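Tertiary structure, described
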Amino acid sequence: MKNTSGFQAVLVDVVRAPGGRTVLDGVTQSVALGERIGVIGENGSGKSTLLRVLAGVDVPDGGQVRTHVPGGIGYLPQTPDLPPGDTVQDAVDDALAELRALEAQMRAAEEELTAEPADLDEVLQRYGDLVEAFEARDGYAADARVEAAMHGLGLAGIGRDRLLGSLSGGEQCRLGLACILAASPQLLLLDEPTNHLDAAALEWLEERLRAHPGSVVVVSHDRVFLERVTTALWEVEAEQHTVVRHGNGYAGFLQARQAARLRWEQEYEEWQQETARQKDLARKAANTLASGPRPDAEAAGRHQRSVEKQISARVRQAKERLRRLEENPVPRPPAPMRFTAKPQGGGAKGTLADLHQVRVDGRLEVRSLEIKTGDRLHIVGPNGAGKTTLLRVLAGDLTPDRGDVRRPARIGWLPQQTVVTKPDEPLLKAYAQGLPGTPDEHRGALLGLGLFRPHDLHTPVGNLSTGQLRRLDLARLLRRPVDLMLLDEPTNHLSPALVEDLENALSTYRGALVIVSHDRMLARRFQGETLELRDGRLVA
């Protein structure tokens, strides 16, 4: 792609508050030509809103969006809006419509030049602008890109005459992605493009975006994707409604996060020390005043009163300083996430759970599976292989049609989907369910995990986002020791930062762990045994 001059994509003090609910507040960021920016943050923090504002789909309630992108802007929402009555070819033609129109205008300008028009300079300028725009989109390779994208994203077997309404949701998402990549706009804005992609398609997409000659802004929870593709990250902070930039891609984000944690800990320690120092100063000065004048000081008269005034001033200064410190406290950093286990028998390698000749008709058939104290198992396999069914049987959430199941009494079970049975129940009460005492007695423990803020605690569970529900499930798991941890896609709907915390917690957990996950980085780092399920059966 020609390095077209004048590229600009800038947000200046942008505010977005649909319905009066602030999502973005004072966001100022820019995209440079050639940058690949990953957008991360908690579920519901405003990542999609940020992309929509940059794409011009949403108008900001304040601030400015300045874009000048000669090679065009392409925006892909999480769920493409494809007309069900159109065909696959219609979708491709629509995606390439701007390129086709540019090409037609180029040909018309060429014909004008052949006729030697009187306004030759004007036509030459217009023709040059058209060629520049067409080359900025690499228009000559458009048809080849269509074929490459369809093949790379697993759509090569879908006929161009297929109606879009006959495609699955995943196929529609992949087709939308293929179309926008074929059009190759200079600025790509992609919202969760890695959804619905298998390993081969993911790798193809990563290479395609790394080779994109323009700029990319992409929302993703996939840490391996972020690591391989991005040159910088925008972290959307849900509480402050702001966006923080981290250079050097995902590695830079991890380094910045660690440094921020160290700064927080240091600031909290300094606040504690200064608060204690001012209390001590005030106490000592007050004691000096209370002890009264010494005999020789009484004779001094005026000197004594001067000394008392100085001491009184120091007391007032210390109290004022203490008041300001206590009015603006540095909150205690949340303790690192930790799962605990107290295995029976002093941690001996005894059997915790086993399955014998277990069958769930049409879904699962396991002849034998033994789980011992300290075992770490990663269950893999294609969708529909029976992974969730296996975990539900182990958890006691599903009774098999036949076979024997033995399990420990203390099980931590994180299902893939959270079922809300009491939507009006406040978050704090839902967290405290099953624990001794009143919900308010567990307020400090929940806040100490760093998963929620004080104003969240009275939110009805039915009003929580998917990510917040996932964090509530995690908080429940952290409440007390368990001997067997069963986690079904635990990284779903969590921000990369929280997933990193979760992985660190699992690395120190000493109970038995059985985890189902498609997370590529989790799989890469996993320390334990991997078992594959295929058609409901364990594969050696």
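The preceding data block contains the structure.
Right, let's walk through the structure included here.

Concerning the layout of surface pockets
Looking at the second largest pocket, its volume works out to about 1,500 Å³. Among the elements of the structure, α1 (47-55), α7 (199-210), β12 (376-380), α12 (387-395) and α17 (520-525) are those that each provide at least two residues to the lining of the second largest pocket. Tallied by class, residues from the lining of the second largest pocket come to 12 nonpolar, 25 polar and 12 charged.

Points about the pairing of strand β10 (residues 351-360)
Pairing of β10 with strand β11 (residues 364-372), which is carried by 8 bridges, proceeds in the antiparallel orientation. Bridge pairing links H356 to S368 in β11. What sits between the antiparallel neighbours β10 and β11 is a turn of 3 residues, in which G362 has the positive phi angle 75°. Pairing of β10 with strand β13 (residues 402-406) involves 4 bridges; the strand directions are antiparallel. For R359, the partnering residue across the bridge sits in β13 and is R402.

Topic: the sheet that holds strand β1 (residues 8-16)
Reading across the sheet, the 3 strands line up as β2-β1-β4 and stay open at both edges, with antiparallel pairing between neighbours. With partners counted over all chains shown, the strands left at the sheet margins are β2 (24-30) and β4 (62-68), one partner each. Neighbour-to-neighbour, the strand axes of the sheet open up by a mean angle of 15°, direction not taken into account. Inspection of the sheet shows β1 paired to β4 by 6 bridges, in the antiparallel sense. Considered in β4, the bridge of A9 is made with T67. On top of the sheet, α1 reaches β1, β2 and β4; it is set at about 125° to β1, its chief contact.

Points about the side chain of T49
Assignment of secondary structure puts T49 in helix α1. Take T49: its relative accessible area is 17%, and that puts it in the buried class. Those residues within four positions of T49 in sequence are excluded, and the remaining contacts are R16, V23 and L24.

Considering unusual backbone geometry
A positive phi angle, near 50°, is found at D13, a position not held by glycine. What makes D13 partly exposed here is its relative accessible area of 45%. Non-glycine residue D535 carries a positive phi angle of around 55°. With respect to the element layout, D535 can be found in the loop between β17 (529-534) and β18 (537-539). A relative accessible area of 65% places D535 in the exposed class.

Digging into the packing of helix α2 (residues 88-95) against helix α6 (residues 169-183)
Where α2 meets α6, the closest approach of the two axes is 8 Å, and the angle between their N-to-C directions is 35°. The handedness of the crossing between α2 and α6 comes out as right-handed. Across the interface between the two elements, V88, A91, V92 and A95 from α2 touch L175, C179 and A183 from α6.

Re the environment of A104
Residue placement: A104 occurs in helix α3 (residues 97-114). According to the relative accessible area criterion, A104 is partly exposed, its value standing at 47%. Considering only alpha carbons, one finds A104 and Y250, 146 residues apart in sequence, at a separation of 42 Å.

As for the packing of aromatic side chains
All chains considered together, the criterion is met by 4 aromatic pairs. Here Y268 and W271 contribute two aromatic rings whose centre-to-centre distance is 6.3 Å and whose plane-to-plane angle is 20°, an arrangement assigned as stacked. Taken together, the residues span about one helical turn, with Y268 and W271 both in helix α9 (residues 249-290) at a distance of 3 residues. The ring of F452 has R471 sitting right over it, with the charged end atom 5.3 Å from the ring centre. Lying across the ring of Y431, R479 places its NZ or CZ 5.9 Å from the centre.

What about the side chain of D191?
Tracing the backbone shows D191 in strand β6 (residues 187-191). Polar contacts involving the side chain of D191 include one to the side chain of S48, which spans 2.6 Å.

As for the nonpolar core
By size, the foremost hydrophobic cluster in this structure holds 42 residues, and its most contacted members are L96, L175, L177, L190 and L209. No other element matches α6, which puts 8 residues into this core. Residues within four places of L96 in sequence aside, it is in contact with A142, D143, V146, A182 and A183. L414, L428, L435 and L478 belong to the second largest nonpolar core, which has 34 residues in total.

Examining the pattern of salt bridges
A complete count under the given rule lists 36 salt bridges for this structure. The partner of R223 in a salt bridge is E503, and the shortest N-O contact between them spans 2.5 Å. With a gap of 280 residues between them, R223 in helix α8 (residues 223-229) and E503 in helix α16 (residues 496-508) connect regions that are remote in the sequence. Considered together, R223 and E503 belong to a single accessibility category, that of buried residues. A salt bridge links R476 to D473; the shortest N-O distance between them is 3.3 Å. With R476 and D473 both in helix α15 (residues 466-477) and 3 residues apart, this pair spans about one turn of that helix. Accessibility expressed as a relative area gives 9% for D473, which makes it buried.

Details of the packing of helix α5 (residues 142-152) against α7
Interaxial distance between α5 and α7 falls to 9 Å at its minimum, and their mutual angle equals 145°. Side by side, α5 and α7 meet where R145, A148, A149 and G152 of the first sit next to A201, W204 and R208 of the second.

A few points about the sheet that holds strand β7 (residues 215-219)
The mixed open sheet is built from 6 strands, whose spatial order is β5-β6-β7-β3-β8-β9. Two strands in the sheet have a free side with no partner beyond their single neighbour: β5 (73-76) and β9 (242-247). On average, each strand axis in the sheet is inclined to that of its neighbour by 15°, with strand direction left out of account. Bridge analysis of strand β3 (residues 36-41) against β7 gives 4 bridges, and the strand direction is parallel. Each bridged residue has a counterpart across the sheet, and for G38 the counterpart in β7 is V218.

Parameters and conventions
Residues numbered from 1 in each chain as written. Predicted model: local features only at pLDDT ≥ 70, side-chain atom pairs only at ≥ 80, totals over all residues. Heavy atoms only, no water. 1 Å grid on protein atoms, 1.4 Å probe; cavity = no way out; pocket = protein on both sides within 12 Å on 5 of 7 lines; lining within 4 Å. Points joined across faces, edges and corners; volume = space filled by probe spheres on them. Helix = DSSP H or I, 4+ residues; strand = E, 2+ residues; numbered from the N terminus. Nonpolar A, V, L, I, M, F, W, Y, C, P; charged D, E, K, R; others polar. Pairing = 2+ DSSP bridges. Axes fitted to C-alpha atoms, helices over the stretch in contact; angles between N-to-C directions. Contact = heavy atoms within 4.5 Å. Buried < 20%, exposed > 50% of the residue type's maximum accessible area, 1.4 Å probe, protein only. Left-handed = near helix turned anticlockwise from the far one by under 90°. Phe/Tyr/Trp six-rings, centres within 6.5 Å; stacked < 30°, edge-to-face > 60°. Lys NZ or Arg CZ within 6 Å of the ring centre and 35° of its normal. Polar contact = N/O pair within 3.5 Å; in protein donor to acceptor, adjacent residues only side chain to side chain. Core = buried A, V, L, I, M, F, W, Y, C linked by side-chain atoms within 4.5 Å. Salt bridge = Lys/Arg side-chain N within 4 Å of Asp/Glu carboxyl O.

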